[in-house]
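Structural overview for review
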Amino acid sequence: MIKPANPTCERIISAASALFYNEGIRGVSVDAVAAKAGLTKRTLYYHFKSKDDLVAAYLAARDQPNLALFRRWFTEAEGGLPAKVEAIFRNLARSARHPKWKGCGFLRTSAELANMPGHPAIKIGAAHKKKFEDWLRTTFEAEGIGNALPLARQILLLLDGSFAVVLLHRDPSYMETAGRAAFSLTEAALAARRTRARRQAGHKRFD
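Below is a summary of the structure that appears in this document. (Residues numbered from 1 in each chain as written. Predicted model: local features only at pLDDT ≥ 70, side-chain atom pairs only at ≥ 80, totals over all residues. Heavy atoms only, no water.)

1. Considering the overall build of the chain
Along the chain, the regular secondary structure elements total nine helices and zero strands. The linear arrangement of helices and strands in the chain, starting from the amino end, is α-α-α-α-α-α-α-α-α. Every one of the 207 residues in the chain was classed for burial, and the buried ones make up 42%. In the chain, once contacts between residues fewer than 6 apart in sequence are set aside, the share between residues at least 24 apart is 67%. The distance from the centre of the 33 positive side-chain charges to the centre of the 19 negative ones in the chain is 1 Å. (Helix = DSSP H or I, 4+ residues; strand = E, 2+ residues; numbered from the N terminus. Buried < 20%, exposed > 50% of the residue type's maximum accessible area, 1.4 Å probe, protein only. Contact = heavy atoms within 4.5 Å. Lys, Arg positive; Asp, Glu negative; His and termini not counted. Charge placed at Lys NZ, Arg CZ, Asp CG, Glu CD.)

Here it is as structure tokens:
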């Protein structure tokens, strides 16, 4: 179980987050986390029963801040819905150009734990991706897009695919290309909505 937040827990999670994100969860020991936090291993284990709990806490701490960042990039972007969706990718590409960028912590952790599907961190990662998908779906539904769920999933696939390819090639332009594809998909969905609305209006005139 993850203990409720307190200054010591936050200190441990902060140390774990820096190490796990930069070096991977397999390459970081509990001793290393305790040392970076400036605590004894006994103190760490008082707050977290196991390394598995610590890994889960690391991802849980990234969940809401990451989602809030995506929403902020979307909200602050100029232009209509397609441009706002593309802005998420454009801002991610900017982040990926930073020398300390190591990709998506959720995807990297899931890859390291691929043989442990029941691991709590896997569940947290899956829930995080689902929250992003659900946010896009409700956003698209609010715009009157009929196939909001398939479109949200297409955008999510573009996002996670670009995370993987950019990490492989170290070329953030792949993320920008994915953003342009997301723009086109969203624009096409809006065009279909307008066509549907015109047809419905035409039927009403002849009823």
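2. With respect to the side chain of Ser162
Tracing the chain through its elements places Ser162 in helix α8 (residues 148-169). A residue is classified by how much of its surface remains accessible, and Ser162, at 5% relative accessible area, is buried. Setting aside chain neighbours within four positions, we find Ser162 in contact with Phe89, Tyr174, Met175 and Ala178.

3. Quick look at the side chain of Arg108
Relative to the elements of secondary structure, Arg108 occurs in helix α6 (residues 105-112). No salt bridge is formed by the buried Arg108; the nearest opposite charge belongs to Glu112, separated by 5.2 Å. A distance of 2.4 Å separates the side chain of Arg108 from the backbone oxygen of Tyr21, its partner in a polar contact. Those residues in contact with Arg108, other than ones at most four positions away along the chain, are Phe20, Tyr21, Asn22, Glu23, Gly24, Lys102 and Leu167. (Salt bridge = Lys/Arg side-chain N within 4 Å of Asp/Glu carboxyl O. Polar contact = N/O pair within 3.5 Å; in protein donor to acceptor, adjacent residues only side chain to side chain.)

4. Quick word on the environment of Ala56
Secondary-structure assignment places Ala56 in helix α4 (residues 51-76). Along the backbone, Ala56 and Gly80 are 24 residues apart, and their C-alpha atoms lie at a distance of 37 Å.

5. Some details on the packing of aromatic side chains
Under the counting rule described, the total for this entry stands at six aromatic pairs. Residues Phe70 and Phe132 carry aromatic rings whose centres are separated by 5.2 Å and whose planes lie at 70° to one another, so their mutual orientation is edge-to-face. Note that Phe70 is positioned in helix α4 and Phe132 in helix α7 (residues 120-142), a separation of 62 residues in sequence. On the basis of relative accessible area, Phe70 is assigned to the buried category, the value being 7%. Note on Trp101 and Phe163: the rings are 6.3 Å apart at their centroids and 10° apart in plane angle, and the pair reads as stacked. In this pair, Trp101 is assigned in the loop between α5 (81-96) and α6 and Phe163 in helix α8, connecting sequence segments 62 residues apart. Trp101 gets classed as buried once you look at its relative accessible area, which sits at 8%. A network of ring pairs unites the aromatic residues Phe70, Trp73, Phe74, Phe132 and Trp135 as a single cluster. (Phe/Tyr/Trp six-rings, centres within 6.5 Å; stacked < 30°, edge-to-face > 60°.)

6. Focus on the pattern of salt bridges
Tallying each qualifying case throughout the model produces nine salt bridges. One salt bridge in this structure joins Arg97 and Glu176, with 3.1 Å as the shortest N-O distance. Remark: Glu176 occurs in helix α9 (residues 173-206) and Arg97 occurs in the loop between α5 and α6; sequence separation between them is 79 residues. For Arg97, a relative accessible area of 48% gives the class partly exposed. A salt bridge links Asp134 to Arg137, with the shortest nitrogen-to-oxygen separation between them at 3.9 Å. Taken together, the residues span about one helical turn, with Asp134 and Arg137 both in helix α7 at a distance of three residues. A relative accessible area of 28% places Asp134 in the partly exposed class. Among the residues examined, Arg137 registers a relative accessible area of 23% and is labelled partly exposed. Salt bridges sharing partners connect three or more residues here, namely Lys130, Glu133 and Arg153.

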